[in-house]
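Listed below are the residues making up each chain.
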Amino acid sequence: NWPGELSVGLIGSCTNSSYEDMARAASLAKQAADAGVKAKAKFTITPGSEQVRATIERDGFIETFNQIGGVVLANACGPCIGQWDRTDVKKGERNSIITSFNRNFTARNDGNTETHAFVASPELVTAMAIAGDLRFNPATDTIKTEDGREIKLENPLGNELPPTGFDKGENT
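Description of the structure in this document.

Rules used in this analysis
Residues numbered from 1 in each chain as written. Predicted model: local features only at pLDDT ≥ 70, side-chain atom pairs only at ≥ 80, totals over all residues. Heavy atoms only, no water. Pairing = 2+ DSSP bridges. Helix = DSSP H or I, 4+ residues; strand = E, 2+ residues; numbered from the N terminus. Contact = heavy atoms within 4.5 Å. Axes fitted to C-alpha atoms, helices over the stretch in contact; angles between N-to-C directions. Salt bridge = Lys/Arg side-chain N within 4 Å of Asp/Glu carboxyl O. Buried < 20%, exposed > 50% of the residue type's maximum accessible area, 1.4 Å probe, protein only.

Considering the sheet that holds strand 3 (residues 71-72)
Phase 1: Strand order in the open sheet formed by five strands is 3-2-1-4-5, with parallel pairing between adjacent strands. The two strands at the open ends of the sheet, each matched to only one other strand, are strand 3 and strand 5 (115-119).
Phase 2: Two elements, strand 4 (residues 95-99) and strand 5, share five bridges in a ladder whose sense is parallel. Within strand 5, the position partnered with Ser 96 by the bridge is His 116.
Phase 3: Its contacts with the sheet put helix 4 (residues 122-131) on strand 1 (6-12), strand 2 (42-46) and strand 4, and the angle it makes with strand 1 is roughly 150°.

In structure tokens form, the structure reads like this:
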């Protein structure tokens, strides 16, 4: 009985923000961006460390996420522990979110007991945020572009480790 419309997709945190996780999510975001598609749900990215943040910035992933409307948050626990400025729904309003965090008990992510949080891999969260609907099946379904074309997301790709090594980032 939870809304099929997805309010927010959230990836990252310490649980699922390895370079490979971010690369695979960015590959889906690039497919959408190349087709002129923006995420239909709010989409947030929380790097798990300064090293990952700096490396994905250097390698262009942050720009790719921005192109589809993604917002990169601080490298911190943030939304995983309910520390984010959630203004899209009121307390008590039924809504669905999907995260790659390893916690989904009631009110964990935003303090709202009427938020149902589904848990999935970073790439599945990204695909669902692009589609904006929990009923979307990226293996079979298509997404409509602004000009009416239908696109199907290809399987995500991503290097396990950055080809040019990690960037230390700032203040590390």
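Concerning the pattern of salt bridges
Where side chains of opposite charge bring their charged atoms close, a pairing between them can arise.
Phase 1: One pass over the structure, following the stated rule, counts 11 salt bridges.
Phase 2: Notably, a salt bridge pairs Arg 24 with Glu 123, separated by 3.1 Å at the nearest N-O pair. You can see Arg 24 sitting in helix 1 (residues 19-34) and its partner Glu 123 sitting in helix 4, a full 99 residues away along the chain.
Phase 3: Between Asp 34 and Lys 30 there is a salt bridge; the shortest N-O distance is 2.9 Å. Taken as a pair, Asp 34 and Lys 30 lie in helix 1 at a separation of four residues, close to a single helical turn.
Phase 4: Exposure remark for Asp 34: the relative accessible area of 57% places this residue in the exposed category.
Phase 5: Here the salt bridges do not stand alone but share partners, grouping Glu 50, Arg 53 and Glu 57 into one network.

Examining the pairing of strand 1
Phase 1: With respect to burial, strand 1 is a largely interior element, seven of its seven residues being buried.
Phase 2: Looking at chain direction, strand 1 and strand 4 are connected through four bridges and run parallel. Bridge pairing in strand 4 links Gly 9 to Ile 98.
Phase 3: Where strand 1 lies against strand 2, five bridges are found, and the strand directions are parallel. Within strand 2, the residue paired with Gly 9 across the bridge is Phe 43.

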